[in-house]
Every structure is written in C-alpha cells, then in structure tokens.
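Listed here are the chains, written in short residue letters.
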Amino acid sequence: SIQDAFSRFHIFYVWDEFYIKLFHHLRADKTKYIVCRQNIPEFVPVYDSGKCTYYLQIHKSEELKRIKQTLDRMGLKYKVRPHPQHLSSKIKEIFGKEYVEDPFKVSIWDSLKEAGTVISIGSTVLLQAFWKGIPVIIDNISNPAYTEQLKEREYIMFDKEYELLSDKLKAETIKKGSIKY
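What you are looking at is a predicted structure, and each value in this text was computed from that prediction instead of being measured.

A. Layout of the overall build of the protein. Scanning the protein from N- to C-terminus turns up seven helices and seven strands. Starting at the N terminus, the α and β elements of the protein follow one another as β-α-β-β-α-β-α-α-β-α-β-α-β-α. With the C-alpha coordinates aligned to their principal axes, the bounding extent of the protein is approximately 55 × 35 × 30 Å. Every one of the 181 residues in the protein was classed for burial, and the buried ones make up 40%. By element, 51% of the accessible surface of the protein is carried by carbon and sulfur atoms, the whole surface being about 10,800 Å². Taking the average location of the 29 positive side-chain charges in the protein and that of its 24 negative ones, the two points are 2 Å from each other.

B. Region of the structure containing the packing of aromatic side chains. Under the counting rule described, the total for this entry stands at nine aromatic pairs. For the pair Phe 12 and Tyr 33, a centre-to-centre distance of 5.6 Å together with 65° between the ring planes defines the contact as edge-to-face. Placement of the pair is Phe 12 in strand 1 (residues 11–14) and Tyr 33 in strand 2 (residues 32–35), with a sequence separation of 21 residues. For Tyr 33, a relative accessible area of 15% gives the class buried. Aromatic pair Phe 158 and Tyr 162: ring centres 5.3 Å apart, planes at 90°, arrangement edge-to-face. What makes Phe 158 buried here is its relative accessible area of 19%. In this structure, Lys 132 is placed above the aromatic ring of Phe 43, and the distance from its NZ or CZ to the ring centre is 4.4 Å.

C. Quick look at the pattern of salt bridges. On inspection of all chains with the given rule, the structure shows seven salt bridges. The salt bridge involving Asp 72 is made with Lys 68; its shortest N-O contact spans 2.8 Å. Here Lys 68 and Asp 72 lie together in helix 2 (residues 61–74), a separation of four residues that amounts to about one turn. A salt bridge links Glu 101 to Arg 81, with the nearest nitrogen and oxygen atoms 2.8 Å apart.

D. Representation of the nonpolar core. Counting residues in hydrophobic clusters, the biggest one holds 42 residues, and the most contacted among them are Leu 71, Val 80, Phe 95, Leu 112 and Val 118. Examining the composition of this core, we find that five residues originate from one element, helix 5 (residues 124–131), more than from any other. Among residues more than four places away in sequence, those in contact with Leu 112 are Phe 43, Tyr 55, Val 118, Val 125, Gln 128, Ala 129 and Ile 134.

Thresholds applied
- Residues numbered from 1 in each chain as written.
- Predicted model: local features only at pLDDT ≥ 70, side-chain atom pairs only at ≥ 80, totals over all residues.
- Heavy atoms only, no water.
- Helix = DSSP H or I, 4+ residues; strand = E, 2+ residues; numbered from the N terminus.
- Buried < 20%, exposed > 50% of the residue type's maximum accessible area, 1.4 Å probe, protein only.
- Areas by Shrake-Rupley, 256 points an atom, 1.4 Å probe, with all protein chains shown as cover.
- Lys, Arg positive; Asp, Glu negative; His and termini not counted.
- Charge placed at Lys NZ, Arg CZ, Asp CG, Glu CD.
- Phe/Tyr/Trp six-rings, centres within 6.5 Å; stacked < 30°, edge-to-face > 60°.
- Lys NZ or Arg CZ within 6 Å of the ring centre and 35° of its normal.
- Salt bridge = Lys/Arg side-chain N within 4 Å of Asp/Glu carboxyl O.
- Core = buried A, V, L, I, M, F, W, Y, C linked by side-chain atoms within 4.5 Å.
- Contact = heavy atoms within 4.5 Å.

Here is the structure:
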C-alpha cells in the first residue's frame, strides 16, 4: 500500500486529476504531477441507448449468471467482453458464443466505439469510456460486496458521472410495467 511505502520522484505521471488528490490524501510526496492519458484514438462513439457491452473481469459462475439475468431483464441488445487474461469456455457456455466479443479480434477502442453503453465493475475500461463520453454503468448487482469495497477505497469512477446497474434495471422494469427484480 502507498501508505506503508516510501516513494519519491521529481515527476509523477497520472491518468487523471483524481489520482493527484488520492495520492495527496494518502500522504504521498507532493512532487510534480502531470496528467498524461494513454493515447486515446480519435473517434465518435456510436451512441445507442438500446445496446450495451459488459466488460467482464474475474467472475465466479454465479456472478456470470447474475450478469446474464440482469442483461436479459433489461431488454437491451448486449455483448459481453471477457478480459483477455480471463477468457474461459464457461463464459460462452453461460452467455452463448454469439454474445461474446473476442478481445483478441476486436481492439478495446473498436469495442468502445460500438458499445452504446459500457457496464462493468472496477474495470479501467469504465474510465476509458468516460473519457470518450460514452455512458457508464457500474455493476452493483453481480457482487454488491465488492462494489461497496470499491466505494470505501474511493474507486475513481465513483468520482465521475455514472449510473448504477440496479437503478438502470429498476427504471427499465418500471418502463416495462413490471415491478419484479
């Protein structure tokens, strides 16, 4: 942890102003910080409120099933994109291969361009989507305890514009005239 370690640099590069505040809060050295985002390609995202892409992390089978149920109940066209290091056959088994985007065939930026809305829990892709003006939804349904941990740890996306998946599901449920969820 940064609180238990010592580091000193004459310049420290960070992705977002949020990290400058965070490092100061954690009593890091107040050296020169420069916000330097990764190379973000120029493109105009395709906004479509009727579709989304869920960017998966490491999920247990029960969580994957909960994610699928939630996406199905929302009634949106969707894809799921596994993390390249966590591509498993159980993902295709649970979602169906036609719903799974191959991270080795589609770049992250091409995926974001076509995503419509981005859903995930604790993924860097949420910040990348935010930078491109793509709507962001934080999943607080598949693993609520983990979402609470992220809040307690001051995860960057809780400092940005976002919606919670539970709120989005509630709104869709009310719109469809059914109150079950």
